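Structural description and commentary
Residues per chain, in single letters:
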Amino acid sequence: MSMFSTGILVLTSPLQTLPLRIAPALSSAAQLVERTLYVHLHPGLNLGNGSQPRAVFIPPAVDLSTIISRLYSNAADVCGHLDVRVLLTNVRAQPAPCGGAATPSCPFPTPQSLSHSPEVVLTDFPLQDPAQSRQVTQCLQRYTGHCYVCSPGLPSVLLHPQLPGLQENEEGLKEPEEKAEVLQTYSDVVVGGTFDRLHGAHRTLLNVSCLLASRRFLVCVCDQAMLKKKVLRELVEPYALRAQRVQEFLQDIKPSLQVKIMPLEDPYGVSVVDPLLQCIVVSEETRRGGEAVNKKRIENGFPPLVLHEIQLLKDAHHSETEEEKISSSSLRSRLLGTLLTPPKDTSHLAPRPYVIGLTGGSGSGKSSIARQLEALGAVRVDCDKLGHEVYQAGTAAYHRVLEEFGPDLLNEDKTINRRALGGKVFGNQERLKALTDIVWPEIALLVEKRISRAREEGEQVCVLDAAVLQEAGWTRMVHEVWVTVIPEEEAVVRISERDGLTTEEALRRLQSQWSNAEQVAHANVVLSTLWEPEVTRKQVLKAWNLLQKRIQPRPEGHVSTSSQQ
């Protein structure tokens with residue numbers, strides 16, 4: 001069967017047996033759906049009794065909260081590429097009675113529109129008689145159409161024949177209790193987080209929060225100062241994008257809620273000043289933050305919030321250097337070495353050698369990465385060495401520098417005293433620009449000569465090792481820009497140890513350069529030497545191997561659509 005972009009999975013198993021069916025159902029669904037998978041829960045739904053069932057309200061039981069957490073945990077393990085969303089429109093504590101009530105007794109008075117229109121509906125419903133297959137699929141199709149706006153002629157698929165035999169395991173499960181434990185709900189709920197690259201743990205947090213909230217849900221998204229200590233913060237998505245993704249997610253899963261998303265620029269945000277809030281949802285590691293919020297609320301004369309704690313989700317795919325939990329930090333680290341943005345138009349450049357412009361701030365480990373790329377087969381063009389060449393006696397730059405800055409720069413052997421020259425331009429942007437206007441174009445000419453020589457020698461890849469690649473405008477000479485980053489505090493330590501500078505001197509040097517954020521904004525690939533050398537080596541090897549795939553000649557008529565290579 002062909003793949004579908006978006007699908008909806010209707011889970012019908014009772015809550016007590018559903019945990020065993022989630023992983024195989026998701027795994028089977030991932031064979032048919034490639035982007036977004038909505039999950040609709042209707043425990044006990046019977047699609048095979050001959051009558052057309054309708055959606056009903058499901059009470060927010062404690063078991064349901066556990067199921068949601070397990071569902072996202074399983075999704076991270078078996079179908080991490082899918083955008084999974086558990087829908088809660090049909091979950092409500094006390095549905096209004098029939099007959100003149102303002103709130104409808106049916107969860108779906110009209111079909112709900114979703115951000116992505118489902119193109120296929122799937123279910124775990126167990127088909128008892130193969131002869132009923134057509135009847136059940138038609139019943140499923142009509143049921144889903146009553147609940148959600150779907151693509152015309154929605155195909156329906158029964159996953160049960162593909163699920164492994166679970167009867168023996170299910171028989172060992174306890175009998176359902178007469179009455180499931182009801183989950184306490186609250187009118188106004190608040191939650192905070194980074195919500196970078198919305199992953200399973202974020203989705204669990206948001207879904208459980210929506211389960212708890214009956215009226216209003218406030219989401220505080222970290223911004224500005226709250227991002228300063230984040231690992232690889234330069235790769236954190238912009239606030240507007242993170243907020244927009246959270247908004248879309250919540251609109252899909254529970255459109256009846258009043259949702260407000262706001263930036264969080266200190267550890268407390270709105271949670272300590274909103275008197276109507278009743279509950280804050282935390283994880284094991286943020287519980288102390290919740291307790292600090294309550295301390296502030298009491299100081300401000302407000303009642304403390306109920307702390308509803310959810311468990312962290314384990315990351316089955318984490319590496320030795322990553323956290324055991326599912327985290328945005330791990331996801332950002334996995335982006336290192338990959339193509340974050342496709343290269344700009346480089347049709348003005350010769351296709352070979354393919355030129356990588358490698359840059360990064362002082363102390364970032366740029367040159368060590370350049371040497372590793374050289375060892376892998378790239379031709380390294382060291383712009384620092386070329387910078388020394390342009391100052392040699394008799395060159396055009398040599399004469400122009402003396403004309404501009406005076407003959408008192410000369411040493412006894414007629415070479416330019418670089419330290420004295422530095423003293424004349426330090427702290428003076430106008431004089432510094434006068435110098436770079438002389439030197440940078442001359443270095444660029446030498447770079448072009450080195451690249452031409454590599455082309456004549458049949459080399460495939462050149463690495464332009466240049467600290468001022470972007471400032472000097474040399475990106476016009478490269479096919480891709482690669483940037484190395486480390487946190488500012490780590491760079492200060494490295495510069496101080498390497499060059500014998502004070503902390504203040506090292507910091508001034510860094511602040512005179514482009515920031516990591518500015519560099520990354522123009523990068524195609526980002527690398528980091530923050531961790532052990534072996535971690536950097538694996539990053540560089542990954543980047544190199546992906547580069548080889550990108551630059552290999554493709555069969556005529558083949559078009560690559562992937563930018564994550």
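Since we're looking at a predicted model, the values are computed, not measured. For every chain, the first residue of the written sequence is number 1, and numbering continues from 1 along that sequence. Whole-chain, interface and lining totals are the exception, using all residues; otherwise, since this is a predicted model, local features are given only for residues with pLDDT of at least 70 and side-chain atom pairs are given and counted only at 80 or more. Only hydrogens and water are set aside when side-chain values are computed; all heavy atoms of the structure are taken into account.

**Some details on the overall build of the protein**
The test is simple: A run of DSSP states H or I qualifies as a helix once it reaches four residues; a run of E qualifies as a strand once it reaches two. Both are numbered from the N-terminal end. Values of accessible area rely on a 1.4 Å probe in the Shrake-Rupley scheme; residue burial ignores everything except the protein chains shown. Working convention for charge: Lys and Arg count positive, Asp and Glu count negative, and His plus the chain ends are omitted. Each charge is placed at NZ for Lys, CZ for Arg, CG for Asp and CD for Glu.
From N to C terminus, the protein includes 17 helices and 15 strands. Projecting the C-alpha coordinates of the protein onto the three principal axes gives extents of approximately 100 × 65 × 40 Å. In the form shown here, the protein has an accessible surface area of approximately 27,900 Å², with 51% of it arising from carbon and sulfur atoms. Within the protein, the 65 negative side-chain charges are centred at a point lying 3 Å from the centre of the 59 positive side-chain charges.

**Focus: the layout of surface pockets**
A water-sized probe, rolled over the atoms, reveals where empty space remains. Note the cut-off: A cavity, in this analysis, means grid points on a 1 Å lattice covering only the protein atoms where a 1.4 Å probe fits yet has no way out; a pocket is instead an open set bounded by protein on both sides within 12 Å along at least five of seven lines, and a residue lines either one if it has an atom within 4 Å of a point. Grid points are joined across faces, edges and corners, and a volume is the space filled by probe spheres set on the points. As a working rule, the residues Ala, Val, Leu, Ile, Met, Phe, Trp, Tyr, Cys and Pro are called nonpolar, Asp, Glu, Lys and Arg charged, and the rest polar, with Gly in that last group.
Estimated volume of the largest pocket: approximately 2,300 Å³. In this structure, the largest pocket is lined by 50 residues; those nearest its centre are A467, V468, R509, S512 and Q513. Elements with a minimum of two residues in the lining of the largest pocket: α9 (366-376), β12 (379-382), α10 (383-390), α12 (418-425), α13 (429-456), α14 (488-499) and α15 (503-511). For the lining of the largest pocket, the element with the highest residue contribution is α13, accounting for 8 residues. Among the residues forming the lining of the largest pocket, the class breakdown is 15 nonpolar, 19 polar and 16 charged.

**Thoughts on the confidence of the model for the protein**
Detail in the predicted coordinates should be disregarded across regions flagged by low pLDDT. Rules: Think of pLDDT as the predictor's per-residue confidence, scored from 0 to 100. Residue contacts are counted whenever heavy atoms from the two residues lie within 4.5 Å of one another.
Averaged over every residue, the pLDDT of the protein is 90; the share at 70 or more is 92%. Long-range and interchain partners of residues 558-563, a stretch whose pLDDT sits below 50, account for 5 contacts in this model, where long-range means more than four residues apart.

**Digging into unusual backbone geometry**
Note the cis peptide between R352 and P353, where omega equals -5°. Here Q224, not a glycine, exhibits a phi torsion of approximately 50°, which is positive. When you line up the elements, Q224 lands in the loop between β7 (213-222) and α6 (239-253).

**Concerning the pattern of salt bridges**
Heads up, the condition is: Salt bridges are defined as contacts in which a side-chain nitrogen from Lys or Arg sits within 4 Å of a carboxyl oxygen from Asp or Glu. For every residue, the accessible area (1.4 Å probe, protein chains only) is compared with the maximum for its type, and the residue is labelled buried under 20%, exposed over 50%, or partly exposed between those bounds.
Tallying each qualifying case throughout the model produces 28 salt bridges. Salt-bridge contacts for D188 lead to R216; the nearest nitrogen and oxygen are separated by 2.4 Å. Of this pair, D188 sits in strand β6 (residues 186-193) while R216 sits in strand β7, and the two are 28 residues apart along the sequence. In this structure D188 comes out as buried when scored by relative accessible area, which is 1%. A salt bridge links K433 to D437; the nearest nitrogen and oxygen atoms lie 2.9 Å apart. Linking K433 with D437, this pair stays in helix α13, spanning 4 residues, or about one helical turn. Taken together, the shared-partner salt bridges in this structure form one network comprising D83, R85, R203, E248 and D252.

**Some remarks on the state of the cysteines**
Covalently bonding the sulfur atom of one cysteine to the sulfur atom of another cysteine gives a disulfide. Here is the rule: Put simply, a disulfide is two cysteine sulfurs that come within 2.5 Å.
Considering all chains together, one arrives at 0 disulfides under this definition. Cysteine C383 is unpaired, with the sulfur of C462 as its nearest cysteine sulfur at 11 Å. Assessed through its relative accessible area of 1%, C462 is described here as buried.

**Things to note about the nonpolar core**
Heads up, the rule is: In this description, a nonpolar core means a group of buried Ala, Val, Leu, Ile, Met, Phe, Trp, Tyr and Cys residues linked to one another through side-chain atoms lying within 4.5 Å.
L206, F217 and V219 are the most contacted members of the largest nonpolar core, which totals 79 residues. Sequence-distant contacts of F217, that is, excluding residues within four places in its chain, are made with V189, V190, V191, L206, S209, C210, L250, L257, Q258, V259 and K260. V425, A444, L446 and I451 belong to the second largest nonpolar core, which has 42 residues in total.

**Notes on the packing of aromatic side chains**
The criterion, for reference: When two rings of Phe, Tyr or Trp (its six-membered ring) have centres within 6.5 Å they constitute a pair, described as stacked for plane angles under 30 degrees, edge-to-face for angles over 60, and tilted for the intermediate range.
Inspection of every chain in the model, using the stated rule, returns 1 aromatic pair. When the ring of F108 is compared with that of Y148, the centres are 5.1 Å apart and the planes differ by 65°; the resulting orientation is edge-to-face. Here the residue F108 occupies a position in the loop between β3 (83-87) and β4 (120-123), and Y148 occupies one in the loop between α3 (133-147) and β5 (156-158), the gap between them amounting to 40 residues. Residue F108 is classed as buried on the basis of its relative accessible area of 6%.

**Brief notes about the pairing of β6**
Operational definition: Looking down the strands as they point away from you, a crossover is right-handed if its path from the first strand over the helix to the second goes clockwise. A pair of strands counts as paired when DSSP detects no fewer than two bridges linking them.
Counting buried positions along β6 yields 6 of 8 residues, so the element is predominantly enclosed. Tracing the backbone out of β6, into helix α5 (residues 200-212) and back to the parallel element β7 gives a crossover that is right-handed. Bridge count between β6 and strand β9 (residues 279-283): 2 bridges; the pairing is parallel. Bridged to V190 within β9 is I280.

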